[in-house]
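Chains, contacts and geometry: an overview
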Amino acid sequence: MKRWLALVATLCFSTIAKAGSVDDVKITILSTMITDYGTSEHATLGEWGFSALVEVDGRKLLFDTGRTKDVVLKNATALGIDLSQVEDVILSHFHGDHTGGLLTLRQNLTASNPHALSRLHVNKGFFGQRRHKNGTEELNPMIAERSLYEKTGAKILIHDSASEIFPGVWISGPVPRVTSEKNWSGDGQLKVKVDNEWVADTVPDSLSLFIETDKGTVVISGCGHAGLINIASHSETVTKDKKLRAAIGGFHLLNSDDDQLRWTAIELKKSGIEHFVGAHCTGIEATHTLREHLGLPRNQMLNGSVGTIYSLSDGIEPTWIVR
């Protein structure tokens, strides 16, 4: 009898544990620095920025909107992607190379669908005041853009903790900075106003996206200012899954020295990661160095380009320039 009850409990637990898992994941990079010629009719454009279309079990969302106002729109057209049915957009943090296309995309796509990009997800602190250490000029462009975006009838959802926006799809909320990673720029020259005090801007509003699958968690990052290992650790806390299936996007490792990259690889290897696409600020050389330390084959870890696809079923589908 006890053995039978244990078996029933195990089966029930398995059902509950897998209830949040998604079956189908597809991520297409729409903005980063590396690109090739796209289609014969339309060329894709590279820029210092990041954006990706995320498709999960038939639902679509846009993660970041690139730097230049119309690059994501043009690249989506070149790749034959219709963004007008995407109603949720996530901005990983306030920096202009991730937010630049928001208004243009919203204004253009509403001609086909009034609800296109009508729900914006950001972390707490996204609209915080910023300035140089000895300056007074406001450096956060999203403070002014907030009212312009809301005037289009769109809504803003501000997250102060991990939030499940679709079944098995989590916005990280603020990522705890447990390790000594300092994956941001500024060296104390930039300040952010927190609780009425000006403090060093470590980009506390930086968020990532966690997708639960039965093969492990898929992580998507814009710049990863909280640190890749902190993000991986937090994903485990949120999804209750130690396995990291894939990490896609920007992780701000381009300035890391060999010791830092070696440490990052050692820590990352503990997660059992199988796929890595380093785009934007990850750094080309940093991605190659991590690959050497992790011992992953080339088809499982490479630099991302405009049009690079990651899917749960097929792994990484690179464009020819990054193969």
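Here goes a summary of the coordinates provided. Just so you know, the residues in each chain are numbered from 1, in the order the chain's sequence is written. Side-chain atom pairs in this predicted model are given and counted only at pLDDT of 80 or more, local residue features only at pLDDT of at least 70, and totals for whole chains, interfaces and linings cover all residues. Heavy atoms throughout the structure, all of them, feed into the side-chain values; hydrogens and water do not.

**Structural notes on the overall build of the protein**
Note the following rule: The numbering of helices and of strands both runs from the N terminus, where a helix is a DSSP run of H or I of at least 4 residues and a strand a run of E of at least 2. Our radius of gyration is a C-alpha quantity, and the globule rule it is checked against amounts to 2.2 Å times the number of residues to the power 0.38. Only protein chains enter the area calculation, which uses a 1.4 Å probe; residues under 20% of their type maximum are buried, those over 50% are exposed, and those in between are partly exposed. We call two residues in contact whenever any of their non-hydrogen atoms come within 4.5 Å of each other. Reported accessibility uses the Shrake-Rupley method at a 1.4 Å probe radius. Residues are deemed covered only where the shown protein chains occlude them. Note on charges: Lys and Arg go in the positive column, Asp and Glu in the negative column, and His and the chain ends are not counted at all. Every charge is mapped onto a representative atom, which is NZ of Lys, CZ of Arg, CG of Asp or CD of Glu.
Each helix and strand in the protein was counted, giving 8 helices and 18 strands. Its C-alpha radius of gyration of 20 Å places the protein within 12% of the 20 Å reference for a compact globule of 323 residues. Overall size of the protein, expressed as C-alpha extent along the three principal axes, is 70 × 45 × 40 Å. The 323 residues of the protein split such that 52% are buried. Contacts spanning at least 24 positions in sequence make up 71% of the contacts within the protein whose residues lie at least 6 apart. As displayed, the protein offers around 14,900 Å² of accessible surface, 51% of which is attributable to carbon and sulfur atoms. Considering the protein, the positive charge centre built from 33 side chains and the negative charge centre built from 38 side chains are found 4 Å apart.

**Section: the nonpolar core**
Threshold: Only buried residues count toward a nonpolar core. Its members are Ala, Val, Leu, Ile, Met, Phe, Trp, Tyr and Cys residues joined through side-chain atoms within 4.5 Å.
Grouped together as the largest cluster of nonpolar side chains are 28 residues, with contacts concentrated most on Ile27, Val54, Leu61, Phe63, Leu209 and Ile211. Within the residue set of this core, elements represented by two or more residues are strand S1 (25–31), strand S2 (51–56), strand S3 (59–63), strand S8 (163–166), strand S9 (169–171), strand S12 (208–213), strand S13 (216–221) and strand S14 (244–249). Judged by nonpolar contacts, the second largest core, of 26 residues, contains Leu103, Leu105, Phe126 and Tyr149.

**A word on the packing of aromatic side chains**
The condition that has to hold: The pairing test for Phe, Tyr and Trp rings, Trp by its six-membered ring, is centres within 6.5 Å, and the orientation test on the planes gives stacked under 30 degrees, edge-to-face over 60, and tilted for anything in between. Here, a charge over a ring means that NZ of Lys or CZ of Arg falls within 6 Å of the ring centre while also lying within 35 degrees of the ring normal.
Counted by the stated rule, this structure contains 3 aromatic pairs. Between the aromatic rings of Phe50 and Phe63, the centroid separation amounts to 6.5 Å while the plane-to-plane angle is 75°, which identifies the pairing as edge-to-face. With a gap of 13 residues between them, Phe50 in the loop between S1 and S2 and Phe63 in strand S3 connect regions that are remote in the sequence. The class for Phe63 is buried, based on a relative accessible area of 0%. Each ring, one from Phe126 and one from Phe127, has its centre 4.9 Å from the other, and the planes form 80°; the classification is edge-to-face. Phe126 sits in the buried class, given a relative accessible area of 0%. Just above the ring of Phe127 sits the side chain of Arg146; from NZ or CZ to the centre is 4.4 Å.

**Regarding a negative patch on the surface**
This is how the line gets drawn: Note that patches include only residues with greater than 30% relative accessible area and no salt bridge, and the join distances are 9 Å for like charges and 5 Å for nonpolar side chains (Val, Leu, Ile, Met, Phe, Trp, Tyr). Salt-bridge detection follows one rule: a side-chain nitrogen of Lys or Arg within 4 Å of a carboxyl oxygen of Asp or Glu.
Together, Asp23, Asp24, Asp57 and Asp214 make up a region of like negative charge exposed at the surface. By secondary structure assignment, the location of Asp57 is in the loop between S2 and S3. Overall, Asp57 belongs to the partly exposed group, its relative accessible area being 39%.

**What about the sheet that holds strand S6 (residues 130–132)?**
Applicable threshold: Note on pairing: two strands pair once DSSP finds at least 2 bridges between them. Between N-to-C directions, angles span 0 to 180 degrees; the directions come from axes that are lines fitted to C-alpha atoms, helices contributing only their stretch in contact.
Pairing in this open sheet of 3 strands is antiparallel, and the strands run S6-S10-S11 from one edge to the other. Only two strands of the sheet have a single partner each, and these edge strands are S6 and strand S11 (197–200). Strand-to-strand twist in this sheet, taken as the mean axis angle between neighbours without regard to direction, amounts to 40°. In the sheet, S6 pairs with strand S10 (residues 190–194) via 3 bridges, with the strands oriented antiparallel. Bridge pairing in S10 links Arg130 to Val192.

**A short note on the sheet that holds S1**
Sheet architecture is open: 8 strands sit in the order S7-S5-S4-S3-S2-S1-S17-S18, paired in mixed fashion. Of all the strands in the sheet, the pair left with one neighbour each is strand S7 (155–159) and strand S18 (315–317). Neighbour to neighbour, the strand axes of the sheet diverge by 20° on average, direction disregarded. Examined bridge by bridge, strand S4 (residues 88–90) and strand S5 (residues 119–123) share 3 bridges and lie parallel to one another. Looking at S5, one finds that Ile90 is bridged to His121.

**Some words on the side chain of Thr239**
Going by this rule: Distance and chemistry together define a polar contact, namely a pair of N or O atoms within 3.5 Å, with one atom able to donate a hydrogen and the other to accept it when in protein, and with adjacent residues in sequence counting only for side-chain atoms on both sides.
Relative to the helices and strands, Thr239 resides in helix H6 (residues 228–239). In terms of polar contacts, Thr239 uses its side chain to reach the side chain of Thr217, at 3.0 Å. Among the polar contacts made by the side chain of Thr239, one reaches the main-chain carbonyl oxygen of Ser235 at a distance of 2.8 Å. Once residues lying within four places of it in the same chain are set aside, the contact partners of Thr239 are Trp170, Phe210, Glu212 and Thr217.

Scope: geometric values only; no functional claims are made or implied.
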